[in-house]
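Survey of secondary and tertiary structure
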Amino acid sequence: MKKWFGIFLFICCSLASQAQTKYTLAYTDSAVAYVNISLQPAAPVKGSTAFVMPRSIPGSYSISLYDQFVEDVYAFTAAGQKIPMLEDGNDAPRWYAADSSLPIHLISYRVNLGKMENRISLADASITRSGFAGILNYSVFGWLDGKEKDPVVCTVTSFPGWSIFSSNEPLLHPAKEKFIFQTDNYYTLADGQLFIGTRFNVKNYQGITPLYVAAYCETGEEYLDDYGKQGTSAMGILKEYFGELPFEQYSILLRKAVPLDHKTAPSLAMEHLQSSTFFGDTSGMRKAAMSKERITATIPTIIHHMAHSLLPLRCYGDHYRPYVLEIPPIINHIWFNEGFMWFLPYDTLKLERMKKRFVDNVYHTAPQIKQLSLQELSQLASTMYGTDFRIGTSLYSRGALMALEMNEYLLQVSAGSKSMKDVFRYLYQWSKQNKRPFTLEELPLLLNQSCQIDLGKIYAKWQLPIQ
Ligand SMILES: [Zn+2]
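Nothing here was measured: the structure is a model prediction, and the numbers come from that model.

Let's shift gears to the overall build of the chain. For the chain, the count of helices and strands is 15 helices and 20 strands. If one aligns the C-alpha atoms of the chain with their principal axes, the spans along those axes are about 75 × 65 × 45 Å. With 467 residues in all, the chain has 43% of them scored as buried. Restricting the contact set of the chain to residue pairs at least 6 apart, pairs at least 24 apart contribute 71%.

Shown next, in the form of structure tokens:
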């Protein structure tokens, strides 16, 4: 009896683990900048279940109101009955079925990408152009409350002849018209990016792991091989630094578009578990091979964003989370996430101009910023990191200078045998083993344990406002 029950339980569990939420995204009408989305849980859910859109994207340190671009949300019953979904009356990015008495089989909605690009910065928006759609998955995909950890299968469809590249499952020769891929859960789906169209290129480079470069540039084709060189050498640098790479392949997505309002757009980037997306207008387009010096001068941002795949995306503490959330968390140590990972390219390349910029950002910024303790500045930056980039730059620069000072101290005390490299490795391995965020109280202790050298004084000094 016991045995049979065990087998029964096993069958139930394996069926449950195969239960997938089916997502679809269709971009099939280029006359209007809309994508149509549907999601269907493995089994119908209660009629009272909320559909939720994310408002917090890891690494963006801001509030992202993607719910304002979602339109025509409907629930469908298994019998095909269509029920309107109404947005929450208290400003939550949640929708509920107007009639909650019937189980929900499927949700469908559309996302107005034209409105999105008009309202928010180019780097935060999914965009459409002639022959191209560049989709940030977190800006279009929401989840059914309680189903966000279920495995996902996602089907993307577009026009005949249009290629579909997904950073979740990158391919050198992307499928055309229809592409189906799977992710562990909703969070991994939201972490991905999609390029759809005829106007982008994909190249593949062999580094420690395969590197894919997918590039769209509105005004012409970019020269990609230097990105390939930079991406593969960034892999080498990170392997050297951390002792291992956390991904089996990596994608660099480049999206250079003319802004709708014809102003210039800053060059920005966003890190993901196994990719980074680099945004900007077309002024920085690479038309030909660069000099060696230029390759070195422009590699720090690639190293920095790839390094984020280790820290903070797989090694993090406090209230930061490496997945989308409904409400942005107040994070007390963004200086660790950002500053320590800007120190890394500085330490590798020893570019004096980087150090000079850290110093300028810390000591020659607004008095209101200098007056804040490190924790206060981090809390402020939790939703305003890039809104007033003086906040972001001075915060990461304080972290970078703290790391720099710790590094010099470690080298000095250990007669050159210990450095921040040992600290990063220790923290990364600690996170792998403990599978949880470290607390703010634990962080200085972990820093000390890394090399068995007391870094407490340097840590304490940098917690204070800047004199
Ligand atoms: Zn960063």
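After that view of the structure, there is still more to cover.
Taken in spatial order, the five strands make up an open sheet running 8-9-15-12-13, and their pairing is antiparallel. Among the strands making up the open sheet, the edge pair consists of strand 8 (127-129) and strand 13 (175-176). Examined bridge by bridge, strand 9 (residues 132-136) and strand 15 (residues 193-197) share five bridges and lie antiparallel to one another. Bridge pairing in strand 15 places Leu 136 opposite Gln 193.

An α-helical turn contains 3.6 residues, so a residue and the one three or four places further along point in the same direction. Taken together, the buried positions of helix 14 (residues 442-451) are Leu 447, Ser 450 and Cys 451. Taken down its axis, helix 14 places every buried residue within 65° of arc, on the same side. Elements in contact with the buried residues of helix 14: helix 12 (389-413), helix 13 (420-434) and helix 15 (456-463). A positive phi of about 55° marks Gln 452, the residue just after helix 14.

Averaged over every residue, the pLDDT of the chain is 95; residues scoring 70 or more account for 96%. Segment residues 1-17: pLDDT under 50, and zero contacts once partners within four positions in sequence are set aside and those in other chains are kept.

Taken in spatial order, the five strands of this open sheet run 16-17-18-20-19, and their pairing is mixed. Unpaired on one side and paired on the other, strand 16 (200-206) and strand 19 (268-271) mark the two borders of the sheet. The sheet shows a mean angle of 15° between the axes of neighbouring strands, direction not considered. Direction of pairing for strand 18 (residues 250-256) relative to strand 20 (residues 275-280): parallel, over a ladder of six bridges. In the sheet register, Arg 255 faces strand 20, and the bridge partner there is Phe 279. With respect to the sheet, helix 5 (residues 225-242) is in contact with strand 16, strand 17 (210-217) and strand 18, its orientation differing from that of strand 17 by roughly 145°.

The assigned domain composition of the chain is domain 1 (19-113 + 142-188) and domain 2 (330-467). Between domain 1 and domain 2, the C-alpha centre-to-centre distance is 38 Å.

Residue placement: Ile 135 occurs in strand 9. Residue Ile 135 is classed as buried on the basis of its C-beta count, with 25 C-beta atoms lying within 10 Å. Distance from Ile 135 to Phe 424, taken between C-alpha atoms, is 33 Å for residues 289 residues apart in sequence. Ile 135 has contacts with Val 35, Ser 126, Val 140, Gln 193, Leu 194 and Ile 196, leaving out every residue within four places of it along the chain.

Residues Ser 163 and Phe 165 point to one face of strand 12 (residues 163-166) and Ile 164 and Ser 166 to the other, with burial holding for every one of them. One ladder, built from two bridges, connects strand 12 with strand 13; its direction is antiparallel. Pairing of Ile 164 across the sheet is with Ala 175, part of strand 13. In the sheet, strand 12 pairs with strand 15 via four bridges, with the strands oriented antiparallel. Within the sheet, the bridge partner assigned to Ile 164 lies in strand 15 and is Ile 196.

Attention shifts here to unusual backbone geometry. With an omega of 20°, the peptide bond running from Leu 311 to Pro 312 counts as cis. Mapped onto the elements of the fold, Pro 312 is located in the loop between helix 7 (300-307) and helix 8 (334-349). A positive phi angle, close to 55°, is found at Gln 452, a residue other than glycine. With respect to the secondary-structure elements, Gln 452 resides in the loop between helix 14 and helix 15.

Below, the discussion takes up the nonpolar core. The nonpolar side chains of a soluble globular protein tend to be buried, and buried together. Counting 125 residues, the largest nonpolar core has Val 35, Ile 107, Ile 196, Phe 343 and Ala 400 as its most contacted members. A domain-level breakdown of this core finds at least three residues from each of domain 1 (19-113 + 142-188) and domain 2 (330-467). The contacts of Ile 196, once residues within four sequence positions are left out, are Tyr 27, Ala 133, Ile 135, Val 156, Ser 158, Trp 162 and Ile 164.

Counting buried positions along strand 15 gives five out of five residues, so the element sits mostly inside the fold. Of the two faces of strand 15, the one carrying Gln 193, Phe 195 and Gly 197 and the one carrying Leu 194 and Ile 196 are both buried.

On to the environment of Ala 98. Tracing the chain through its elements places Ala 98 in the loop between strand 6 (94-97) and strand 7 (106-112). Sequence-wise, Ala 98 and Gln 40 are 58 residues apart; in three dimensions their C-alpha atoms are separated by 18 Å. Sequence-distant contacts of Ala 98, that is, excluding residues within four places in its chain, are made with Ile 83, Pro 84 and Leu 86.

A few words now on the environment of Gln 379. Looking at the secondary structure, you find Gln 379 in helix 11 (residues 374-384). For Gln 379, a count of 17 C-beta atoms within 10 Å translates into the label partly exposed. Taking C-alpha positions, Gln 379 is 15 Å from Gly 339, a pair spaced 40 residues apart along the chain. Those residues within four positions of Gln 379 in sequence are excluded, and the remaining contacts are Ile 330 and Asn 332.

Cut-off values and rules
- Residues numbered from 1 in each chain as written.
- Predicted model: local features only at pLDDT ≥ 70, side-chain atom pairs only at ≥ 80, totals over all residues.
- Helix = DSSP H or I, 4+ residues; strand = E, 2+ residues; numbered from the N terminus.
- Buried ≥ 20, exposed ≤ 12 C-beta atoms within 10 Å, placed from the backbone.
- Contact = placed C-beta atoms within 7 Å.
- Pairing = 2+ DSSP bridges.
- Arc of directions from axis to C-beta.
- pLDDT = per-residue confidence, 0-100.
- Axes fitted to C-alpha atoms, helices over the stretch in contact; angles between N-to-C directions.
- Domains from an automatic or database assignment.
- Core = buried A, V, L, I, M, F, W, Y, C linked by C-beta atoms within 7 Å.

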